[in-house]
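Working through the structure, step by step
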Amino acid sequence: MENLNTKRLWLTAKWDATTNWKSSVRIMAGMTFGLLILYTVHFLNMLNVMYSPDYITSQYRSMAIETNISFIVFMVAGASLIFANMRTKQQRIAFCMLPASNAEKYIVRWLWATVGFALIFICASVAADLIRIVIWWIAGYGYTGSVVATGTGILYESVCNVLANCGTAHTGDSIHALKQKENYAIMTYCISFCVMAHSFYILGGTLFRRNAWLLTTLTAIVLAIILLHTGNFPFIDGTLFGRRCSIEQKIMALYILSGIFAMLSVVFYIVSWKLFRRMQVINDRTINL
Amino acid sequence: MIEINNISFKYVSLRGLPFLKSDTARHGDNIFENFSMTLNEGCVYGLLGKNGTGKSTLLYIISGLLSPQHGTVKMDGVETRLRRPEMLREMFIVPEEFDLPPVSLDTYVKMNAPFYPNFSRDVLDTCLRDFELPLSMQLGKLSMGQKKKVYMSFALAAGTRLLLMDEPTNGLDIPSKSQFRRVVANCMTDSRTVVISTHQVHDVEQLLDHILMINRREVLLNASVADICSQYSFEIRQPGAADSDDVLYAEPSLQGNSVIARRNEASPETPLNLELLFNYVNRTDNNQEPE
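Keep in mind that what you see is a predicted model, and the values were worked out from it rather than measured.

This part is about the overall build of chain B. Secondary structure summary: chain B contains nine helices and 13 strands in total. What you see for chain B is a C-alpha radius of gyration of 21 Å, in line with the 19 Å of a compact globule of 291 residues. Relative to its full complement of 291 residues, chain B shows a buried share of 53%. Considering chain B, the positive charge centre built from 29 side chains and the negative charge centre built from 37 side chains are found 8 Å apart.

Looking only at helices and strands, chain A features nine helices and zero strands. Shown N-terminal to C-terminal, the secondary structure of chain A runs as helices and strands in the order α-α-α-α-α-α-α-α-α. Taken across its 289 residues, chain A has 40% of its residues classed as buried. Looking at chain A alone, contacts between residues at least 24 apart form 74% of all its contacts between residues at least 6 apart. On chain A, roughly 15600 Å² of surface is accessible, and the fraction owed to carbon and sulfur atoms is 72%.

This part takes up the interface of chain A and chain B. At the junction of the two partners, chain A supplies 29 residues and chain B supplies 30 residues. When chain A packs against chain B, close to 2500 Å² is buried across both sides, 63% of that on carbon and sulfur atoms. Of all residues in chain A, the largest losses of buried area upon contact with chain B belong to Q90(A), M97(A) and P99(A), amounting jointly to 26% of the total for that side. Taken together, chain A and chain B are joined by zero salt bridges.

Turning our attention to unusual backbone geometry. Phi at R83(B) takes a positive value of approximately 50°, unusual for a residue other than glycine. For R83(B), the position within the fold is in the loop between strand 5 (78-79) and helix 2 (85-88).

Given a rise of 1.5 Å per residue, 26 residues ought to cover 38 Å, and the 36 Å separating the end C-alpha atoms of helix 3 (residues 53-78) of chain A matches this to within 8%. By the burial criterion, the buried members of helix 3 of chain A are I56(A), Q59(A), Y60(A), M63(A), A64(A), T67(A), F74(A), M75(A), V76(A), A77(A) and G78(A).

Attention now goes to the UniProt feature "transmembrane region" (unreviewed entry) in chain A. All names here are of chain A. Residues annotated in UniProt with the feature "transmembrane region" (unreviewed entry) correspond here to residues 27-47, 67-86, 107-139, 184-203, 212-231 and 251-271. Regarding residues 67-86, the helix share stands at 60% and the strand share at 0%, and the terminal C-alpha atoms are separated by 30 Å. Helix makes up 100% of residues 107-139 and strand 0%, and the two end C-alpha atoms of the span are 46 Å apart.

Residue and element names in this part refer to chain A. The first and last C-alpha atoms of helix 8 (residues 212-230) sit 27 Å apart over 19 residues, in line with the 27 Å expected at 1.5 Å per residue. Listed as buried for helix 8 are A212, T216 and T217. The buried residues of helix 8 all sit within an arc of 120° when viewed along its axis, so they share a single face. Buried positions along helix 8 lie against helix 7 (175-207).

As a further point, take the sheet that holds strand 13 (residues 256-262) of chain B. Residue and element names in this part refer to chain B. Pairing is antiparallel across the open sheet formed by three strands, whose spatial order is 11-13-12. Looking at which strands have only one partner, the edges of the open sheet turn out to be strand 11 (232-237) and strand 12 (247-253). Each strand of the sheet is rotated relative to its neighbour by a mean of 20°, with strand direction disregarded. Its contacts with the sheet put helix 9 (residues 274-281) on strand 11, strand 12 and strand 13, and the angle it makes with strand 12 is roughly 115°.

What follows covers the domain arrangement of chain B. Residue and element names in this part refer to chain B. As assigned here, chain B comprises domain 1 (2-217) and domain 2 (226-285). The centre of domain 1, based on its C-alpha atoms, is set 31 Å off from the matching centre of domain 2. Tallying the contact residues gives nine residues for domain 1 and nine residues for domain 2. Here domain 1 meets domain 2 over a buried area of about 870 Å², counting both sides, of which 72% is carbon and sulfur. On the domain 1 side of the interface with domain 2, the three residues burying the most area are K50, E205 and M213, jointly 52% of the side's total. Our enumeration of links across domain 1 and domain 2 arrives at zero salt bridges. In this structure, the connection of domain 1 to domain 2 is made through two residue pairs in polar contact (both at pLDDT 80 or more). Taken together, the elements giving at least two residues each to the side of domain 1 that touches domain 2 come down to helix 7 (201-204) and strand 9 (210-215).

Attention now goes to the sheet that holds strand 1 (residues 2-10) of chain B. Residues and elements named next belong to chain B. Strand order in this open sheet of four strands is 2-1-4-5, and the pairing throughout is antiparallel. Looking at strand neighbours, the two that pair on one side only are strand 2 (30-39) and strand 5, the edges of this open sheet. Both strand 1 and strand 4 (residues 70-75) contribute to a ladder of five bridges, which runs antiparallel. Across the sheet, N5 pairs through a bridge with T72, a residue of strand 4.

Inspection of the entire model under this criterion finds two cavities of 30 Å³ or more. Estimates place the volume of the second largest cavity at around 40 Å³. For the second largest cavity, the full set of lining residues is M86(A), F95(A), C96(A), N102(A), K105(A), F276(A), M279(A) and R83(B). For the lining of the second largest cavity, the elements supplying multiple residues, two or more each, are helix 4 (89-96) and helix 5 (102-139) of chain A. Looking at the lining of the second largest cavity residue by residue, the class counts come to five nonpolar, one polar and two charged.

Time to look at the side chain of T53(B). Residues and elements named next belong to chain B. As for its placement among the helices and strands, T53 is situated in the loop between strand 3 (44-48) and helix 1 (55-62). The class of T53 is buried, set by a relative accessible area of 4%. The contact partners of T53, leaving out residues within four places of it in the chain, are I31, F32, I214, N215 and R216.

Once that is clear, we can look at the confidence of the model for chain A. The share of residues in chain A with pLDDT of 70 or more is 87%, and the mean pLDDT across the chain is 84. When mean pLDDT is taken per element in chain A, helix 1 (residues 6-19) of chain A scores highest with 94 and helix 6 (residues 147-167) of chain A scores lowest with 76.

Here we come to the pattern of salt bridges. Pairing between side chains of opposite charge can happen when the charged atoms of each approach one another. Under the counting rule described, the total for this entry stands at twelve salt bridges over all chains. Across the salt bridge formed by E182(A) and K250(A), the nearest N and O atoms sit 2.8 Å from each other. Separated by 68 residues along the polypeptide, E182(A) in helix 7 and K250(A) in helix 9 (residues 247-277) bring together distant segments of the chain. Overlapping salt bridges bring together E41(B), D76(B) and R161(B) as one network.

Summed over the entire model, instances satisfying the criterion amount to 26 aromatic pairs over all chains. Centroid distance F83(A) to Y106(A): 6.0 Å. Interplanar angle 50°. Geometry classified as tilted. Within this pair, whereas F83(A) is found in the loop between helix 3 and helix 4, its partner Y106(A) is found in helix 5, the two being separated by 23 residues in sequence. Judged by its relative accessible area of 7%, F83(A) falls in the buried class. Taken together, F92(B), F98(B), Y108(B), Y116(B), F119(B), Y151(B) and F154(B) form an aromatic cluster joined through their ring pairs. The ring of F95(A) has K105(A) lying over it, and the distance from NZ or CZ to the ring centre is 5.9 Å. The aromatic ring of W112(A) is capped on one face by R109(A), whose charged end is 4.4 Å from the ring centroid.

Basis of the calculations
- Along each chain, residues carry numbers from 1 onward, in the same order as the chain's sequence is written.
- Chain labels run from A onward and ligand labels from 1 onward, assigned in the order the entries are written.
- Per-residue local features are limited, in this predicted model, to residues with pLDDT of at least 70; the limit for side-chain atom pairs, both in listing and counting, is 80 or more; totals at the level of whole chains, interfaces and linings are taken over all residues.
- Excluded from the side-chain calculations are hydrogens and water; all other atoms, namely the structure's heavy atoms, are used.
- Runs of E in the DSSP output that reach at least two residues are strands. Runs of H or I that reach at least four are helices, and both are numbered from the N terminus.
- Between the two quantities, the radius of gyration covers C-alpha atoms and the globule rule is 2.2 Å times the number of residues to the power 0.38.
- Classification of residues uses two cut-offs on accessible area relative to the type maximum, computed with a 1.4 Å probe and protein chains only: under 20% is buried, over 50% is exposed, and between them is partly exposed.
- This count recognises Lys and Arg as positive and Asp and Glu as negative, with His and chain-terminal groups excluded.
- Charge coordinates come from a single atom per side chain, which is NZ of Lys, CZ of Arg, CG of Asp or CD of Glu.
- Throughout, a residue-residue contact means that at least one pair of heavy atoms, one from each residue, lies within 4.5 Å.
- The Shrake-Rupley method, run with a 1.4 Å probe sphere, supplies the accessible areas, and residue values consider only the shown protein chains as cover.
- Two parts placed together each lose some accessible area under a 1.4 Å probe, and the buried area is that loss summed for both.
- Here a salt bridge means any side-chain nitrogen of Lys or Arg lying within 4 Å of a carboxyl oxygen belonging to Asp or Glu.
- In a helix, the anticipated span is given by 1.5 Å times the number of residues less one.
- UniProt positions are given in the numbering used here, feature names are shortened, and annotations may be inferred rather than shown by experiment.
- The arc in question is the one spanned by the directions pointing from the helix axis to the C-beta atoms.
- Strand pairing follows a simple DSSP-based rule, namely that at least 2 bridges must link the two strands.
- Note on method: axes are straight lines fitted to C-alpha atoms, helices fitted across the in-contact stretch only, with angles between N-to-C directions ranging 0 to 180 degrees.
- Domain start and stop points were drawn from an automatic or database domain assignment.
- As used in this structure description, the phrase polar contact means that two N or O atoms lie within 3.5 Å; if the pair is within protein, one of them must be able to donate a hydrogen and the other to accept it, and residues adjacent in sequence are counted only when both atoms belong to side chains.
- Cavities and pockets were defined on a 1 Å grid built over protein atoms only: a cavity is a set of grid points that admits a 1.4 Å probe from which the probe cannot escape, a pocket is an open set flanked by protein on both sides within 12 Å along at least five of seven lines, and lining residues are those with an atom within 4 Å of any such point.
- Grid points are joined across faces, edges and corners, and a volume is the space filled by probe spheres set on the points.
- Residues are sorted three ways: Asp, Glu, Lys and Arg are charged, Ala, Val, Leu, Ile, Met, Phe, Trp, Tyr, Cys and Pro are nonpolar, and all the rest, Gly among them, are polar.
- Known as pLDDT, the predictor's confidence for each residue is given on a scale from 0 to 100.
- The rule is short: rings of Phe, Tyr and Trp, with Trp giving its six-membered ring, pair when the centres are within 6.5 Å, and they are stacked under 30 degrees, edge-to-face over 60, tilted in between.
- Consider the ring centre and the ring normal. A charge sits over the ring if Lys NZ or Arg CZ is within 6 Å of that centre and within 35 degrees of that normal.

Structure, rendered in structure tokens:
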């Protein structure tokens, strides 16, 4: 069992942040630019319907929802950059020879690929929003709203709705109770799928030394095509293996699939960990085997 | 202290797989096969060998950056490939090429020094002064040679028991090479082991006290400088005198013939000529260790 020392973990995190701060800034700059492009498209749409408050509000909601979706995509795909700090031979030597345990190094990089990326995205979205406000102000349209504020509001509404549903639990087999159970099952399914996708990209980031995001995405596409060709992937068309199902069957199937995704996540993490432990300085150029 | 036991190692690439094997370039030949060696404390080892004989590879295997396919490398009984923090804090490698982050030296020290319990700021400052570098600087603005001096100063200041250096004098100007020798000599202790892999034998021969010459699968020479100089003399002789019975090897030089001869006990010891010794050991018609 790898030893874990919290003080050394903290030192390793500081070391990693100080050594790789430039790449984090580059990623944030790229994300900010991407979001600005997205906002500019909406801005051009809004030019056509000048000062229609309802249309402006709907455009802001669209921008906020797209930003939130971008966050999910960014987090999942960004997981493939977990070992971007070991791209060159010199970087690998520096990181491998750092007097910290493999567990501490892995946890630090995992935190960067999760918490770190989330912070990068938040900073990028705030920066993009501020730049957008300034540009629109300079263009003469004044302050019409904030994407970040709207997006935060949408998230808050969603969380409140979920909590409200939790607070008023419907019991028995009534239609409301089943609907609530179905909502929980769908939520569990979506969360477990996102976690599984994230862990898949973590594995891809560990396995592929170069172009990790591209190769992992291509692998995911190939696997998805294979799955679609081998059979009817559950619920892809609203049915369960080609048959209409009852709500109870659907809930059961969703929970089973969630369990499968959870197990796959564990497997991906274990494989990623084992690959990291045996990483060497001079490897095959494409994969870390 | 460092035990290398029957290691076998080769670089495996996709081209080494049977269905992808190329008829021309063969990847996957053994760099080391049943290779064994021991490194003791308190010595400065010179690791010499022709191009491609595996000097850098051996350093990486010793430090755990590469794992041999067979055999073990242990430091104080612990396998280095496990890369345990207790072992890593007693080991430092100065590779031929390295990156320094674009931060100040103070920040770099604050980042890295806590990982090495024996780190000494005094030693770092002394080394920087010997290298004629300022005690405070921005690492991103240094030249390659200056970065090398800073990195080596930190390596020596880390106080690790094992220090591995791969071509440390590459990129250093002429005065810096003598500074390097002085700095390393000043930082040597009885419990420290330094292994210097280099082609620039003249830069380091005054520093070394043990010579290792390797050639792929075997150790051609593993002897202390004291033993070599007590048994052999390195002289310049005139062309006729080079054919004496005591001469083991001779090669022409500007002053006459540079020879390695068996030393007469009555005669004083001569300084080691490492380049001549290297040429002798690596002659194609003589792969045996000198007696």
